Amino acid sequence: EAQVTQNPRYLITVTGKKLTVTCSQNMNHEYMSWYRQDPGLGLRQIYYSMNVEVTDKGDVPEGYKVSRKEKRNFPLILESPSPNQTSLYFCASSYGQLSTEAFFGQGTRLTVV
Amino acid sequence: AQKITQTQPGMFVQEKEAVTLDCTYDTSDPSYGLFWYKQPSSGEMIFLIYQGSYDQQNATEGRYSLNFQKARKSANLVISASQLGDSAMYFCAMREWDSGYSTLTFGKGTMLLVSP
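Throughout this document, residue positions are counted from 1 along each chain, in the order its sequence is written. Labels are handed out in written order, letters beginning with A for the chains and numbers beginning with 1 for the ligands. Whole-chain, interface and lining totals are the exception, using all residues; otherwise, since this is a predicted model, local features are given only for residues with pLDDT of at least 70 and side-chain atom pairs are given and counted only at 80 or more. Calculated side-chain values reflect all of the structure's heavy atoms, with hydrogen atoms and water omitted.

Trainee: Tell me what's going on with the overall build of chain B, and back it up with residues and numbers.
Mentor: Regarding its fold elements, chain B presents 0 helices and 12 strands. The size measure is the radius of gyration over C-alpha atoms, and the globule rule it meets is 2.2 Å times the number of residues to the 0.38 power. The C-alpha radius of gyration computed for chain B amounts to 14 Å, which stays within 12% of the reference 13 Å derived for 116 residues, consistent with globular compactness. In terms of overall dimensions, chain B has a C-alpha envelope of 45 × 30 × 20 Å along the principal axes. For each residue, the accessible area found with a 1.4 Å probe, counting protein chains only, is set against the maximum for its type, and the residue is called buried under 20%, exposed over 50%, and partly exposed in between. Here chain B holds 116 residues, and the buried ones make up 49% of them. Contact between two residues is taken to exist if any of their heavy atoms lie within 4.5 Å; hydrogens are not considered. Residue pairs at least 24 apart in sequence account for 56% of intrachain contacts in chain B once pairs closer than 6 positions are excluded. In chain B, 9 side chains carry a positive charge and 11 a negative one; their mean positions are 2 Å apart. In DSSP terms, a helix is any run of H or I states spanning at least four residues, a strand is any run of E spanning at least two, and both are numbered starting from the N terminus. Positive charges come from Lys and Arg alone, negative charges from Asp and Glu alone, with His and the N- and C-terminal ends not counted. Note that the charge is assigned to NZ on lysines, CZ on arginines, CG on aspartates and CD on glutamates.

Trainee: Account for unusual backbone geometry, with residues named and values stated.
Mentor: All names here are of chain A. In this model, N7 is joined to P8 through a cis peptide bond whose omega is -5°. Phi angles above zero are rare outside glycine, and N28 is one such case at about 60°. Phi at E53 is positive, roughly 65°, even though this residue is not glycine. We classify E53 as exposed; its relative accessible area is 60%.

Trainee: Tell me about the nonpolar core, and please be specific about residues and values.
Mentor: Residue and element names in this part refer to chain B. Among buried residues, those of type Ala, Val, Leu, Ile, Met, Phe, Trp, Tyr and Cys that are joined through side-chain atoms within 4.5 Å constitute a nonpolar core. Core analysis: the largest hydrophobic core is formed by 24 residues, its most contacted members being Y25, W36, I49, L77 and Y90. Going through the elements one at a time, β3 (19–21), β5 (32–39), β6 (46–52), β8 (64–69), β9 (74–79), β10 (88–96) and β12 (110–115) are the ones with two or more residues in this core. Element by element, the count of residues in this core is highest for β10, at 4 residues. Among all residues touching L77, those that are not within four sequence positions of it are V19, T20, L21, W36, L48, I49, Y64, S65 and Y90.

Trainee: So what's going on with the interface of chain B and chain A? Which residues, and what values?
Mentor: Taken together, the contact pairs 19 residues of chain B with 23 residues of chain A. Buried area is understood as the total, over both parts, of accessible area removed when two parts are fitted together, assessed with a 1.4 Å probe. For the pairing of chain B and chain A, the buried interface totals around 1,800 Å² over both sides, and the portion due to carbon and sulfur atoms is 54%. Salt bridge, as used here, is a side-chain nitrogen of Lys or Arg placed within 4 Å of a carboxyl oxygen of Asp or Glu. Counting every contact that joins chain B to chain A gives 0 salt bridges. Here a polar contact is taken to be a pair of N or O atoms separated by no more than 3.5 Å, where protein atoms must pair a possible hydrogen donor with a possible acceptor and residues adjacent in sequence count only if both atoms sit in side chains. Taken together, the links from chain B to chain A amount to 2 residue pairs in polar contact (both at pLDDT 80 or more). Of all elements in the fold, only β5, β6, β10 and β11 (104–106) of chain B reach the threshold of two or more residues within the side of chain B that touches chain A. No other element matches the 3 residues that β5 of chain B contributes to the side of chain B that touches chain A. Here the side of chain B that touches chain A is composed, by residue class, of 10 nonpolar, 6 polar and 3 charged. Here the term charged refers only to Asp, Glu, Lys and Arg, the term nonpolar to Ala, Val, Leu, Ile, Met, Phe, Trp, Tyr, Cys and Pro, and the term polar to all other amino acids, Gly among them.

Trainee: Please provide a residue-by-residue account of the side chain of H29 of chain A, values included.
Mentor: Residues and elements named next belong to chain A. Inspection of the secondary structure puts H29 in the loop between β3 (19–25) and β4 (31–38). The buried category is assigned to H29, whose relative accessible area is 0%. A polar contact of 3.3 Å, which involves the side chain of H29, links it to the backbone nitrogen of S94. With sequence-adjacent residues up to four places away left out, H29 is seen in contact with R68, K71, S93, S94, Y95 and F103.

Trainee: Before we move on, could you go through the sheet that holds strand β7 (residues 65–66) of chain A and cite the residues and values that matter?
Mentor: Residues and elements named next belong to chain A. Taken in spatial order, the 4 strands make up an open sheet running β1-β3-β8-β7, and their pairing is antiparallel. Each edge of the open sheet carries a strand with a single partner, namely β1 (4–7) and β7. As paired elements, β1 and β3 share 4 bridges and run antiparallel to each other. Within the sheet, the bridge partner assigned to Q6 lies in β3 and is C23. Only strands joined by at least two bridges in the DSSP assignment are considered to pair.

Trainee: With reference to specific residues and values, describe the pattern of salt bridges.
Mentor: Residue and element names in this part refer to chain A. Tallied over the full model, the rule gives 6 salt bridges over all chains. The residue R44 makes a salt bridge to D38 at a minimum N-O spacing of 2.8 Å. Judged by relative accessible area, which is 10%, D38 ranks as buried. A salt bridge links K65 to E79, with the shortest nitrogen-to-oxygen separation between them at 2.9 Å. In this pair, K65 is assigned in strand β7 and E79 in the loop between β8 (76–78) and β9 (87–94), connecting sequence segments 14 residues apart. Residue K65 is classed as partly exposed on the basis of its relative accessible area, which comes to 41%. Shared partners join several salt bridges into a network, and the residues in it are K18, K65 and E79.

Next comes the structure, spelled out in structure tokens:
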């Protein structure tokens, strides 16, 4: 089954404790991206990657890092999480940046206390 | 300026009726795509329908259709014969092909509630 898998689905952590949210897709997609969703703001792009070893900032990259060492994986790293990073996070992938569809993961609800 | 505007925070509709969710967009790129996604209470994002800027006809997918009015820069989603399962948050989004990088820009969403 074609899918984008995020882990964990739910995470509560403390301020300053490094964490990684994993994202994996099994569709051989080139393009992957991370979004955060906050009430009243819709989804905003954090980082994206057009292929292996190619990543770039989206609209709200501060406080986040990503890596793309393999085509299928695109982890999101919070080196020192803060309460304002409490949010619902989505990973998405598509065949290319010109693709007419993006497949989303199930979402990760992160709470930083 | 907002690139995607959804002016309806919430909409109510009765089962079996049609409903239109509004979306206007702002771009100077001649090539772009417009998307609608559904987010039920469980949280996942479900792709519904896509319209390309050069598409001559309005996109349709089952009960979903996109009323694309290019001159007005609007891309309204029409759901015919609403069902209880259509109750969800709906997001309009745009991808611009000619910009230096590609971002799927989302509106703030419209919450649709379908009543029996």
